[in-house]
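Here is how the chains run, residue by residue.
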Amino acid sequence: MSIKKQFLKSKPVCKVTFTVPAETADTVFVAGNWNNWNTSAEPLKKLKNGSFKGTVNLESGKDYEFKYVIDGEWQNEVEADAYNWNDYACSNNSVLQL
């Protein structure tokens, strides 16, 4: 898994590209506090090499919590900037620091 951040010079926005190697998966989504943890709002596109990739525009200067939803299973990003404990889910959330 990987995250690429591209900060725009013209406005306070960061283009965040998520890449998830999930060759056997049918669907991968990114759910986070920017989309109210909607498990279908941010689908990643399956590439020919079997990985999934997608880009989300987020406001710079903030932290965002997120997880991947791979075939309905919640997973953290191993290269996240940090992790925050979530009492509701009794697990950590991945954190993006922009």
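Please refer to the structure placed before this passage.
In what follows, the accompanying structure is described. Nothing here was measured: the structure is a model prediction, and the numbers come from that model.

1. Things to note about the overall build of the chain
- What the chain contains, in helices and strands, is zero helices and nine strands.
- Listed by position from the N terminus, the elements making up the chain come as β-β-β-β-β-β-β-β-β.
- Taken over the C-alpha trace, the chain has a radius of gyration of 13 Å; the compact-globule value for 98 residues is 13 Å, and the two agree within 12%.
- Once the C-alpha set of the chain is aligned to its principal axes, its extents read approximately 40 × 35 × 20 Å.
- Of the contacts formed within the chain by residues at least 6 apart in sequence, a portion of 60% connects residues at least 24 apart.
- In the structure as shown, the chain presents an accessible area of about 5900 Å², 47% of it carried by carbon and sulfur atoms.
- The average position of the 11 basic charges and that of the 12 acidic charges among the side chains of the chain differ by 12 Å.

2. Topic: unusual backbone geometry
- The phi dihedral of Asn 36 is positive, around 55°, even though this residue is not glycine.
- With respect to the element layout, Asn 36 can be found in the loop between β3 (28–32) and β4 (45–46).
- Take Asn 36: its relative accessible area is 70%, and that puts it in the exposed class.
- Even without being glycine, Asp 71 reaches a positive phi, approximately 50°.

3. Side note on the pattern of salt bridges
- Scanning the entire structure with this criterion turns up two salt bridges.
- The residue Asp 81 makes a salt bridge to Lys 5 at a minimum N-O spacing of 2.5 Å. Of this pair, Asp 81 sits in the loop between β7 (73–75) and β8 (82–86) while Lys 5 sits in strand β1 (residues 2–7), and the two are 76 residues apart along the sequence.
- Judged by relative accessible area, which is 35%, Asp 81 ranks as partly exposed.
- The partner of Lys 62 in a salt bridge is Glu 59, and the shortest N-O contact between them spans 3.2 Å.

4. Concerning the packing of aromatic side chains
- Here the structure, examined in full by the defined rule, presents seven aromatic pairs.
- Of the aromatic side chains, those joined through ring pairs into one cluster are Phe 18, Trp 34, Tyr 64, Phe 66 and Tyr 68.

5. Brief notes about the nonpolar core
- Grouped together as the largest cluster of nonpolar side chains are 18 residues, with contacts concentrated most on Phe 18, Val 28, Leu 44 and Tyr 68.
- Broken down by secondary-structure element, the contributors of at least two residues to this core are β2 (13–21), β3, β5 (51–59) and β6 (63–70).

Parameters at a glance
Residues numbered from 1 in each chain as written. Predicted model: local features only at pLDDT ≥ 70, side-chain atom pairs only at ≥ 80, totals over all residues. Heavy atoms only, no water. Helix = DSSP H or I, 4+ residues; strand = E, 2+ residues; numbered from the N terminus. Rg over C-alpha atoms; globule rule 2.2 N^0.38 Å. Contact = heavy atoms within 4.5 Å. Areas by Shrake-Rupley, 256 points an atom, 1.4 Å probe, with all protein chains shown as cover. Lys, Arg positive; Asp, Glu negative; His and termini not counted. Charge placed at Lys NZ, Arg CZ, Asp CG, Glu CD. Buried < 20%, exposed > 50% of the residue type's maximum accessible area, 1.4 Å probe, protein only. Salt bridge = Lys/Arg side-chain N within 4 Å of Asp/Glu carboxyl O. Phe/Tyr/Trp six-rings, centres within 6.5 Å; stacked < 30°, edge-to-face > 60°. Core = buried A, V, L, I, M, F, W, Y, C linked by side-chain atoms within 4.5 Å.

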